[in-house]
Each structure stands twice: as structure tokens, then as C-alpha cells.
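Chains, contacts and geometry: an overview
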Amino acid sequence: MLDRDGFRPNVGIILLNQKNQVFWGKRIRTHSWQFPQGGIDRGESPEQAMYRELHEEVGLHPQHVRLVARTRDWLRYEVPDRYIRRESRGHYRGQKQIWYLLQLLGYDWDLNLRATDHPEFDAWRWNDYWVPLDVVVEFKRGVYEMALTELARYLPRNEQQRNRYLRSSMRGPRDMAERREIGDAPRTDALQRMGSLLVGPGVELPPGASFDPDPQKSITAPAAPRAAAGPHVAKTAG
């Protein structure tokens, strides 16, 4: 289902835990990390599609989350031709997305990457709100930054102030090198150590990630322990 400009309607999900960290998933059998997202089926509203994708991709149900906010308008990105199926070239251009900000009310163990027979992720972790976009496929980075920026005002006030400093983590390695050249101290936290934990041949995870191996593959590794979520965070008006 495409609009007249060649964009497929789609939803994106930014899922917060009780520390206002975001769910960060590793695309199955790749080194790319991203937020949950998926297409809107014919006859579905964006909100209905969001809840369906939430269950299909991370195993959560509506009672596990609280809807905090959504983007006001569609955010669009174009897909390079090399990623488009040959039969779709010439009329498919990319995705237009409504992004949702959700608060997890359940626990880490409620997450299930194998909720369907067609999983999207094989590992996940909690990450600071301003995720490092250099590990996101390049053509999605602009939409990610727009969605995170628009929805950031719905975070608690102390998180908004704290995240002004965390935004530097969205820069790529070249940007960080340039900052070091002008005298800024390099960051040494986990955001700068993406891929430092090797769990199997060709599979790299950052510290704190949970690995959910593909049952059809031979790669196995013990999952990192998942801590229970803290007290519920009250909704911020906005």
C-alpha cells in the first residue's frame, strides 16, 4: 500500500524503560541496530499498527505499555535503489512514518523477540535516549534524529536537561574525532564501545545487551541478566 508519492505508511516505536532508556534492537543476522518499526496494513489506523508491531517485534501487549506521545506529522525517508526489490523500482520511494513514544509498565522479562515465526531482532539492550546513530543504516538516520528531537520534550524535565549532553552520542566516529581535535575529552562510556562484546562468530554486541539466538543458527551464548524495572514514572504533561 503506497501513497501517490510512492511512500509506504509505517509506524516507528521508541520504547522507554523506567530509567528513560530506550529499547535498541539488533536486526537479525546483521550488525545494524534500530527501533521497532513496521508497515500499516490496509484498514489499520497508525495506532492499531503500532500495537500490532509492538507484539510482533518485541512480544509486548497494550497492557505492558503506556502511550506517552506521537509525532504530529509523517516523517519520511527514501530508500536507495539497491535496497528496493527490482519489481518495485520506479514506483516505491520509501517510508512515511508516525513515531510513538511508549513507557514500559511491565518488566524486562516481558520482552520476547520470538513472539512470531518471523523475528526482526536477535539481540536487544537498553540505551540512553540519544542513541548512537552511526550503527543505524544511513538512510534512516535523519528520521531517527527528527523523531527523537520532537518526542524528547515528553521526557521528565531532569531527563531533558541530562540528554542535552548525551546528544553527542548520536555523532559518528568522524564527528567524535573532530571534537577531540578541538580539545573535547573523548567519551569513555558504553556508547563509545559499541561492539566490544563478542558473543559468537560474526555477532558483536555492546555491553549490557541481551542475545536471543536464531534457533536455526548454531551460534549460542548466555544472555546477560535482565534486571527488573523500577517504580513507575509519572506521565509528564505536554
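Refer to the structure above for everything that follows.
Calculation rules
- Residues numbered from 1 in each chain as written.
- Predicted model: local features only at pLDDT ≥ 70, side-chain atom pairs only at ≥ 80, totals over all residues.
- Heavy atoms only, no water.
- Helix = DSSP H or I, 4+ residues; strand = E, 2+ residues; numbered from the N terminus.
- Buried < 20%, exposed > 50% of the residue type's maximum accessible area, 1.4 Å probe, protein only.
- Contact = heavy atoms within 4.5 Å.
- Areas by Shrake-Rupley, 256 points an atom, 1.4 Å probe, with all protein chains shown as cover.
- Polar contact = N/O pair within 3.5 Å; in protein donor to acceptor, adjacent residues only side chain to side chain.
- Pairing = 2+ DSSP bridges.
- Arc of directions from axis to C-beta.
- Phe/Tyr/Trp six-rings, centres within 6.5 Å; stacked < 30°, edge-to-face > 60°.
- Lys NZ or Arg CZ within 6 Å of the ring centre and 35° of its normal.

Quick notes on the overall build of the protein chain
Each helix and strand counted, the protein chain has four helices and 11 strands in total. The buried share of the protein chain, taken over its 238 residues, is 47%. Restricting to contacts in the protein chain with at least 6 residues of sequence separation, those with at least 24 account for 71%. Entry remark: accessible area of the protein chain is about 12700 Å², with carbon and sulfur atoms responsible for 47%.

Structural notes on the environment of Trp99
Within the element layout of this structure, Trp99 appears in strand β7 (residues 94-104). Look at Trp99 and you get buried, because its relative accessible area is 0%. Considering only alpha carbons, one finds Trp99 and Val143, 44 residues apart in sequence, at a separation of 9.6 Å. Residues in contact with Trp99, not counting those within four places in the same chain, are Gly12, Ile13, Ile14, Phe35, Ala69, Arg70, Thr71, Leu75, Val143, Tyr144, Ala147 and Leu151. Side chain to side chain, Trp99 and Gln97 meet in a polar contact 2.9 Å long.

Points about the pairing of β7
The buried fraction of β7 amounts to 11 of the 11 residues, a majority that puts the element mostly inside the structure. Alignment of strand β1 (residues 7-16) against β7, held across 10 bridges, turns out to be parallel. By the bridge assignment for β7, Ile13 is matched with Tyr100. Bridge count between strand β5 (residues 65-70) and β7: five bridges; the pairing is antiparallel. Looking across to β7, one finds that Arg66 is bridged to Gln103. Where strand β6 (residues 75-78) meets β7, four bridges bridge the pair, whose relative direction is antiparallel. Paired with Tyr77 across the bridge in β7 is Gln95.

Thoughts on helix α2 (residues 141-151)
Residues of α2 that are buried: Val143, Tyr144, Ala147, Leu148 and Leu151. Considered in projection along α2, the buried side chains sweep an arc of 130° and stay on one side of the axis.

Points about the packing of aromatic side chains
One pass over the full model with this rule turns up 13 aromatic pairs. With 5.3 Å between their ring centres and 75° between their planes, Trp99 and Tyr144 make a pair best called edge-to-face. Here Tyr144 lies in helix α2 and Trp99 lies in strand β7, a separation of 45 residues in the sequence. Of the two residues examined, Trp99 and Tyr144, each falls in the buried class. Over the face of the ring belonging to Phe7 we find Arg76, whose NZ or CZ atom lies 5.8 Å from the ring centre.

Overview of the environment of Arg76
One can find Arg76 in strand β6. The class for Arg76 is partly exposed, based on a relative accessible area of 41%. Here the alpha-carbon distance between Arg76 and Gln95, two residues 19 residues apart in the chain, equals 5.7 Å. Those residues within four positions of Arg76 in sequence are excluded, and the remaining contacts are Asp3, Phe7, Gln95, Lys96 and Val143.

All quantities given are derived from atomic positions and should not be read as evidence of function.
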